Every structure is written in structure tokens, then in C-alpha cells.
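# Chain and residue survey
Each chain, written out:
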Amino acid sequence: MKKLIVQKYGGSSVANPEKIKNVAKRVVRYKKKGNDLVVVVSALGDTTDELIELASQISAEPPEREMDMLLSTGEQISVALLAMAIHELGYEAISLTGSQVGIITDTVHTRARIVKIEANKIHQELKKGKVVIVAGFQGMTPDKDITTLGRGGSDLTAVALAKTLEANECEIYTDVEGIFTTDPRIEPKARKIDEITYDEMLEMASLGAQVMQARSIEVAKKFDVPIQVRSSFSENCGTMIIKEVKNMEDVAVTGITLNKSESKITICNVPDKPGIAAKIFNQLAQGGINVDMIVQNVSHTRQTDISFTVPKVDSQKAIKLTQRAAQEIGELEVLEDLDIARVSIVGVGMKTHSGVAAGMFETLAKEKINIEMISTSEISISCIIKKKFAETAVKSLHEKFDLAKR
Ligand code: ADP
Ligand code: ASP
Ligand code: MG
């Protein structure tokens, strides 16, 4: 049966001409079987990081509209090169930007949301027998301004296209064989997971597993789009991300994540009275800062410290806003700690297993790692620790919860 397959190739899979040719061969193999193919591509290797660095040499706070104009060029290069590589193999392909496809977004530059996708153009080109290659990570506002979909946003492009086109399969190709129990770059003993639920993947992605963009999993869950994450360098089956997996509550912990991209801000000696937290966090909210973990210490002296984490990229802005609030409250000291890491354990089985938190804290204690902040959700527990202990924490927790075996 003829299938419509959406494939997405990440930056690591198209990092150089050899790798692009390798991707072209794989695409052609699927095409030869009679399938229709829509291929989403990310920018080559670290292009997006390089473009951000380039912009920073011109301006400390570039206008976000211009940032999107700049960043979207990365994907324009990779789609053109992949189309050329497919032509070289004797097959027809056409590369399209997000706006040419009709990926319409809201106007929130650098992290736009997809509002709708007008798929006519894709259908027309598929009918002509062409492989359609779509630039990931980008869209267009109704006013024709180019937008981008947040870092890692090509995953979202792929999932949204799979849903709109009612594709039979959505494959995410990357440089690892699938979703692992933790980042295999940190723990070589990490094991590939065959199946994982949307909920667990979403939690892992939100807590720092860079392999899939969190927003893309939200969309996949909402529309029930099954995803296979697999390697562009091998033929092995990858990991299926789906609604439910068999015996999903048998184990307490499914995976461990690490996030080093947050910083901690502390306001010292805050008066312990109503309205103070509201004042601080209102300032931050108005500045568009996403505050994550918040801890307010217990006060015996009618004064208390409030600590919270923010993404490192927003740290400078967050510090300024916090200092402003601290001044208004009364000349309070504000401290910043950039040397933190968040280590988290994730698993739906946590709902039914007891002693999981205790196991985590004990393991960190054994390694003499101090826990600075703790937060939990229904299916995860996170600890903020000093960054220098991050890898040790991941490895010892991986061992503690027996993740290498199963
Ligand atoms: P791409 O270029 O394909 O988008 P990314 O670099 O965004 O690839 O994501 C793949 C990387 O994610 C892997 O190389 C791996 O080091 C990292 N990673 C982090 N956590 C995990 C995990 N739990 N399972 C698999 N990979 C992970
Ligand atoms: N190139 C973009 C990024 O680096 C999008 C992506 O890779 O998915 O964030
Ligand atoms: Mg990625």
C-alpha cells in the first residue's frame, strides 16, 4: 500500500555534504518503494548557534523579527542542498520554505505557535511525483513576516505536518538510535527504550532531554500522532512515542534528565508578609520571563529568602527585573548562581510506587551531593544541585534505579 511518510532529519544528520548525500539515499530508498515523502530538514550542524553568535556581535538585544529573518536562513540552505542531492540520484524533489508551504503562525517572534497549515502546495507537488522537502523551524505570520518556532522547532514542523497531511508515519531521524534512559553522551550504559508514552517523553523533553522538542510532543499528544525516533546512520528500529505502552507502571523510573541551562536567583531577607511574592513575580511576568522552580524558605525571624530558577538566556533580564522589585520592597540583596544543574527522574510508574523520592535523595546523599531545591510533578522529581556534580548524579541515579537492565 502506498504510504505518506513524514521524515525529519536533525542538524546532526545533515551536518556536511557526505551526510546530506546519505540522507538523500535514504529518502530515495523510501520513495522507490512507492511512498509519498515529505521531508523536514533542520539547519546544517550548529548553523543556528553560529547565526545567534553572529547576531550577538552586532547587537546585544537584536529585534526578534530580524532574529527570525536571520535564523530561518539556516534551514533554507539545508533544504536546497538536500533537494540537489536527491536530483543527483535521479529523483525529483522540490524544496520549500515554511512560508511557501503555508505554515501560518502567530506573531510571537522566536517562539511562534502554528495556527494552521495550508497543505495544498504540498499535495500538488506530491501528485507530480516529487519528494517535498520542507524547511523546519519556520513559519509566516498572516502579515507575511517570517517566524521561528523555538529551538528544536523542526520536530514541531514534522509533527504538525504529519497531523495535517494525515501521514501514515512520522519519523524523526537523529544521531542516536532512539530515546534512551538518559543522555548516552553522559552515561554510556544508557539503554534504548522501545516504547515511551507521550506524557513521559513530554516530561523528559521539558526537563532537558534535548532529543525532542517539548512543544512537538505536546502537539503529538493532542492529536495522537505516533512518532518514531531513530538514527539516520543505521537501519535499526528506534523508539515509538505513543499514548500507552504495555506494563507502563511496572517500573517507577523510566528515564533521567539533566538540564544545565538554568540559573538560580535568590532575594535575601524578604519581609514575611502578604503581597511580596506577587510583587516580585509580577515584575518577572511582565518582562516575559518564564520562572520555573520557586522555593521560599521557612521563616522564624519574619524574614525569608526566595529562590527561583530561570532559563540562563533570560538570566540578565531576570536579574534586572528582580533587582527593581527588590529595591521597591526595600534595598534587598539579589544573588545569582549560574553554576547549577537540574537532575530529574521521570516515570509514570511513580504514581503507584512508593519510596522513589527517598531513593533519589539517598543516592545523592551517598555521593555527598547537596540538594539546593526540590520540585515534583505527578511523574517526575527534580533536584537542583551544583553543576560540577551533574554527571555523577545522573550516573548514580541510573545505577540506583537499574535503568541499564530490563
Ligand atoms: P538533532 O540534530 O537530530 O535535532 P539533537 O542534538 O537535538 O539532534 O538531539 C539528539 C541528542 O540528544 C543526542 O545526541 C543525545 O546526546 C541527546 N539526548 C539527551 N537526552 C537523550 C535521551 N534521553 N535519549 C536520547 N538522546 C538524548
Ligand atoms: N535549527 C533549529 C535549532 O537549532 C531547529 C532545529 O534544529 O530543530 O534549534
Ligand atoms: Mg533537535
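Residues numbered from 1 in each chain as written. Chains lettered and ligands numbered in written order. Predicted model: local features only at pLDDT ≥ 70, side-chain atom pairs only at ≥ 80, totals over all residues. Heavy atoms only, no water.

Moving on, we come to the nonpolar core. Among the nonpolar cores identified, the biggest contains 45 residues, and Val38, Ile122, Val134, Leu161, Met212, Ile227 and Ile241 are the most heavily contacted of them. Counting residues per element, this core draws most heavily on helix α6 (residues 154-164), which supplies six residues. Dropping the residues within four chain positions of it, Ile227 is found in contact with Val159, Cys170, Ile172, Met212, Ile217, Ala220, Thr239, Met240 and Ile241. Among the nonpolar cores identified, the runner-up in size contains 23 residues, and Ala24, Leu37, Leu82 and Ile133 belong to it. (Core = buried A, V, L, I, M, F, W, Y, C linked by side-chain atoms within 4.5 Å. Buried < 20%, exposed > 50% of the residue type's maximum accessible area, 1.4 Å probe, protein only. Helix = DSSP H or I, 4+ residues; strand = E, 2+ residues; numbered from the N terminus. Contact = heavy atoms within 4.5 Å.)

If you walk through the whole model with that rule in mind, you get two aromatic pairs. Between the aromatic rings of Tyr9 and Tyr173, the centroid separation amounts to 4.6 Å while the plane-to-plane angle is 10°, which identifies the pairing as stacked. Of this pair, Tyr9 sits in strand β1 (residues 4-9) while Tyr173 is found in strand β9 (residues 169-174), placing the two residues 164 residues apart along the sequence. The buried category is assigned to Tyr9, whose relative accessible area is 0%. By relative accessible area, which is 0% here, Tyr173 ends up buried. Centre to centre, the rings of Phe281 and Phe308 are 5.2 Å apart; their planes meet at 70°, and the pair counts as edge-to-face. Of this pair, Phe281 sits in helix α9 (residues 276-286) while Phe308 sits in strand β16 (residues 303-311), and the two are 27 residues apart along the sequence. Exposure remark for Phe308: the relative accessible area of 0% places this residue in the buried category. Taking NZ or CZ as reference, Lys33 lies 5.1 Å from the ring centre of Tyr30, over its face. (Phe/Tyr/Trp six-rings, centres within 6.5 Å; stacked < 30°, edge-to-face > 60°. Lys NZ or Arg CZ within 6 Å of the ring centre and 35° of its normal.)

Here we take up the pattern of salt bridges. Counting across every chain of the model gives 27 salt bridges. A salt bridge links Lys2 to Asp36; the nearest nitrogen and oxygen atoms lie 3.7 Å apart. One end of the pair, Lys2, is in the segment before β1; the other, Asp36, is in strand β2 (residues 36-41), and 34 residues separate them in sequence. Where Glu169 meets Lys3, a salt bridge forms, and the shortest distance between an N and an O atom there is 2.7 Å. Note that Glu169 is positioned in strand β9 and Lys3 in the segment before β1, a separation of 166 residues in sequence. The exposure class assigned to Glu169 is partly exposed, which follows from its relative accessible area of 25%. Using a relative accessible area of 28% as the deciding quantity, one classes Lys3 as partly exposed. (Salt bridge = Lys/Arg side-chain N within 4 Å of Asp/Glu carboxyl O.)

Residues Ile77, Leu81 and Met84 make up a contiguous nonpolar surface patch of roughly 270 Å² in combined accessible area. Among the secondary structure elements, Ile77 is positioned in helix α3 (residues 64-88). (Patch = residues over 30% accessible without salt bridge, like charges linked within 9 Å, V, L, I, M, F, W, Y side chains within 5 Å. Areas by Shrake-Rupley, 256 points an atom, 1.4 Å probe, with all protein chains shown as cover.)

All right, on to the layout of surface pockets then. The computed volume of the second largest pocket comes to approximately 350 Å³. As for the second largest pocket, its lining consists of 15 residues, and the residues nearest its centre are Ile193, Glu195, Val245, Lys246 and Arg406. (1 Å grid on protein atoms, 1.4 Å probe; cavity = no way out; pocket = protein on both sides within 12 Å on 5 of 7 lines; lining within 4 Å. Points joined across faces, edges and corners; volume = space filled by probe spheres on them.)

In the vicinity of ligand 2, the contacting residues are Ser42, Ala43, Thr48, Glu75, Phe137, Arg151, Gly152, Gly153 and Ser154. Residue Thr48 places a side-chain N or O atom 2.8 Å away from a nitrogen atom belonging to ligand 2. At 3.4 Å from an oxygen atom of ligand 2 is found a main-chain nitrogen or oxygen belonging to Gly153. In the complex, 87% of the free accessible area of ligand 2, which totals 260 Å², lies under the protein chains. In terms of residue class, the shell around ligand 2 is built from two nonpolar, five polar and two charged. (Near = heavy atom within 4 Å. Polar contact = N/O pair within 3.5 Å; in protein donor to acceptor, adjacent residues only side chain to side chain. Nonpolar A, V, L, I, M, F, W, Y, C, P; charged D, E, K, R; others polar.)

What follows is about the site of ligand 1. Near ligand 1, the surroundings consist of 19 residues, among which Thr174, Asp175, Phe180, Asp183 and Arg185 are the closest. Separating an oxygen atom of ligand 1 from a side-chain N or O atom of Ser12 is a distance of 2.9 Å. Within the contact set of ligand 1, a nitrogen atom lies 2.9 Å away from a backbone nitrogen or oxygen of Phe180. A class-by-class count of the residues in the shell around ligand 1 yields eight nonpolar, seven polar and four charged.

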